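What follows is each chain in one-letter form.
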Amino acid sequence: MKKKINTKKTDDMSLPLYLFHQGTNYNTYDYLGAHFCDINGQKGVVFRTWAPHASSISVVGDFNDWDDTKNVMTRISDGGVFEAFIPGVKVYDNYKFAVKRGKNTVLKADPYAFHTETPAGTASKIYDVDGYEWGDAEFIKNKTAPYNKPMNIYEVNLASWKRHLDGNYYTYRELAIELVDYVVDMGYTHVEFMPISEYPFDGSWGYQVTGYYAPSSRFGTPKDFMYLVDKFHQKGISVIVDWVPAHFPKDLHGLYEFDGSPCYENQGWDRKEHKTWGTRLFDWGRNEVQSFLVSNAVFLFEKYHVDGLRVDAVASMLYLDYDRKEGEWIPNEFGGNQNLEAIAFFKKLNTVIFEKYPNALMIAEESTAFSMITKPVCDGGLGFNYKWNMGWMNDVLSYVQCDPYFRSGIHDKLTFSMCYAFSENYVLPISHDEVVHGKKSLLDKMFAHRIEDKFSSLRAFWLYMYAHPGKKLSFMGNEYGQFKEWDYKEGLEFFMLDYVYHNKLFKFNKRLNHFYKECSPLYEIEDSWDGFEWIAVDEKDNNVLAFKRKDLSGNELVAIINFSGADYNEYRLGLDKGVYKAVLCSDDKCYGGNGILKKKTFKTVKRSAHGKGTSITVSLPRFSGMYLIKQGK
């Protein structure tokens, strides 16, 4: 259905325009950009853009031979919004804004464009995002926040999960067939896409965005992307997308100095640019930028039915001195290093999102000790509901890369995280950042003198991670132990599944994923000590760790892991009186182990260990672990 618009100009600013300049239009995408409409019975497209310092702007495109004299826009607000109506424009027509300031004219892509040319093309495309027939009503109706529920995220780069033999990308619709079934079969609960908003440089992995409102045309149309999300929902999988509100690249067609001067970016000499990344920083204190970014977040939930945003580079936004030396930054009005505008922006963002979408996921990638990231705004927090636990990730990965002979000296890297585990709502991330740039693949990080011990170590690591409080995230390829570091230019090496050790690791991961979803002690209580109890916390000389997880009904799971290179044939474990069954053991032959543990049921005896009056003895091979469940209560 075509929209009819108010053709009155400056003397009667529309409410959307007024709210845009106030920083409170959270559906700006319905007003700015390019929209089909009828004016006095004439069908066409109304174009609007914000460029306060431009002297004039024209719309150029396929429909006017890219002639900047034909469709000059009218300034309709003192704040710098321009408008033009052009009849006869069609879906998929290419267009840009010819932005003039003085003698200079630059062709700019539409910041609110719904679709773009396929890179290396940089034009915006006319597109209507309305009209897709969703089939996920049941999923949306039953969706709730994942508190007290399993949350196991499979992080995916759509450009390199799989490639065709000729090197071409899988399309959104092809991924809807193969990726959806793969994620379901593997037992994940959520999928997280690295940034899908349009980006010009493949090597940025999507983190340098030029088209915030346009899913990358590398893989198809916006409605093709809707189809992919829809299919995930129909199979019960929640979809998270990586979102980049911190910075944008200096590509000439993008947001960079959009009106001939800093516009979307901060104008302060110390806050305008991130020199290490070579990008510009948003001006989060500017009303129109707030409308742009908050609307973009709302847009992803509203139009694409995403279930959550993983917000990238939060730490870089929170601190004025982030990646800056002394003399390269100016303190805030109170003399501190916190970016007060960014803090206010996050509070506004999360307040808006949770008012509109109470069951949304807002996940901060934040690497510092900034407090109350996941506390409600009304309580003084930033309002996210989850935060990546980067401290845990750095500690445990340094531990597994250490020679077991020296691990006794760094045993706290496995245990220290429990000192702060309940201070925020955490996601435990083993992400793309940890398997690139010479850091080695996850499998190759495992210290071992024998190849089979690398696989054993990784299985033991997974048992530890899944039993540790916090939601889980793992990057694609980790599940079967890809040896090669991730390469964004090609697909994963799924042919490795033809090799025995990789195939068995894959089976172990699949079993662990499904077991995690079935075992309520592993996820129901993750915000207090009610769900966790140490058994063996200080056995640094043995490189052994043991602890309990509990659910809301009092059911318990015991996790015990041997990170040493020694076999403990009769390891004594202190437990409450009862009978315990080994329900998952990483040393089982079917997963690539030696199958040393023959006995699977254990009854406690009256012998003290770990502060308990009763205990069991188990065989605990090197680089292995197991889960035990108490039979009855």
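Attention here is on the structure that accompanies the text. (Residues numbered from 1 in each chain as written. Predicted model: local features only at pLDDT ≥ 70, side-chain atom pairs only at ≥ 80, totals over all residues. Heavy atoms only, no water.)

1. Looking at helix α4 (residues 222-234)
- For α4, which comprises 13 residues, the first-to-last C-alpha distance of 18 Å matches the rise-based estimate of 18 Å (1.5 Å per residue) to within 8%.
- Among the residues of α4, those classed as buried are Pro222, Asp224, Phe225, Met226, Leu228, Val229, Asp230, Phe232 and His233.
- Gly236 lies just past α4 and shows a positive phi near 85°. (Helix = DSSP H or I, 4+ residues; strand = E, 2+ residues; numbered from the N terminus. Expected span 1.5 Å × (residues − 1). Buried < 20%, exposed > 50% of the residue type's maximum accessible area, 1.4 Å probe, protein only.)

2. Let's talk about the pairing of strand β22 (residues 426-430)
- Most of β22 is tucked away, with five of its five residues classed as buried.
- The two faces of β22 match: Tyr426, Leu428 and Ile430 on one face and Val427 and Pro429 on the other face are all buried.
- One ladder, built from two bridges, connects strand β21 (residues 386-388) with β22; its direction is parallel. By the bridge assignment, Lys387 is partnered in β22 with Tyr426.
- Inspection of the sheet shows β22 paired to strand β23 (residues 471-475) by four bridges, in the parallel sense. Residue pairing across strands places Ile430 opposite Ser474, the latter belonging to β23. (Pairing = 2+ DSSP bridges.)

3. Describing the state of the cysteines
- Per the stated rule, a full pass over the model turns up zero disulfides.
- Cysteine Cys585 shares no disulfide, and the gap to the nearest cysteine sulfur, in Cys590, comes to 9.2 Å.
- On the basis of relative accessibility, which here comes to 2%, the residue Cys585 falls in the buried class. (Disulfide = S-S within 2.5 Å.)

4. With respect to the sheet that holds strand β24 (residues 532-536)
- Taking strand neighbours across the sheet as the criterion, the six strands line up as β24-β25-β26-β31-β28-β29 in an open arrangement whose pairing is antiparallel. Both edges of this open sheet fall to β24 and β29 (601-603), since each of them pairs with a single strand only. On average, each strand axis in the sheet is tilted by 25° relative to the strand beside it, whichever way the strands run.
- In this structure, strand β26 (residues 556-562) lies alongside strand β31 (residues 624-630), joined through six bridges in antiparallel fashion. Bridge pairing links Val558 to Leu628 in β31. (Axes fitted to C-alpha atoms, helices over the stretch in contact; angles between N-to-C directions.)

5. Digging into the packing of helix α1 (residues 15-22) against helix α5 (residues 287-304)
- Contact pair α1 / α5: the axes reach a minimum separation of 6 Å and the direction vectors enclose 110°. Judged by the angle between their axes, α1 and α5 are roughly perpendicular. Facing α1, whose interface residues are Leu19, Phe20, His21 and Gln22, α5 presents Asn287, Glu288 and Ser291.
- Across the contact of α1 with α5, the residue classes tally to two nonpolar, four polar and one charged. (Parallel < 35°, antiparallel > 145°, perpendicular 65-115°, else oblique. Contact = heavy atoms within 4.5 Å. Nonpolar A, V, L, I, M, F, W, Y, C, P; charged D, E, K, R; others polar.)

6. Some details on the sheet that holds strand β18 (residues 279-281)
- If you trace the three strands from one edge of the open sheet to the other, you get β16-β18-β17, paired in antiparallel fashion. If you trace the sheet from one side to the other, it starts and ends with β16 (247-249) and β17 (273-274), each paired once.
- Pairing geometry for β16 and β18, over three bridges, is antiparallel. Bridged to His247 within β18 is Leu281.

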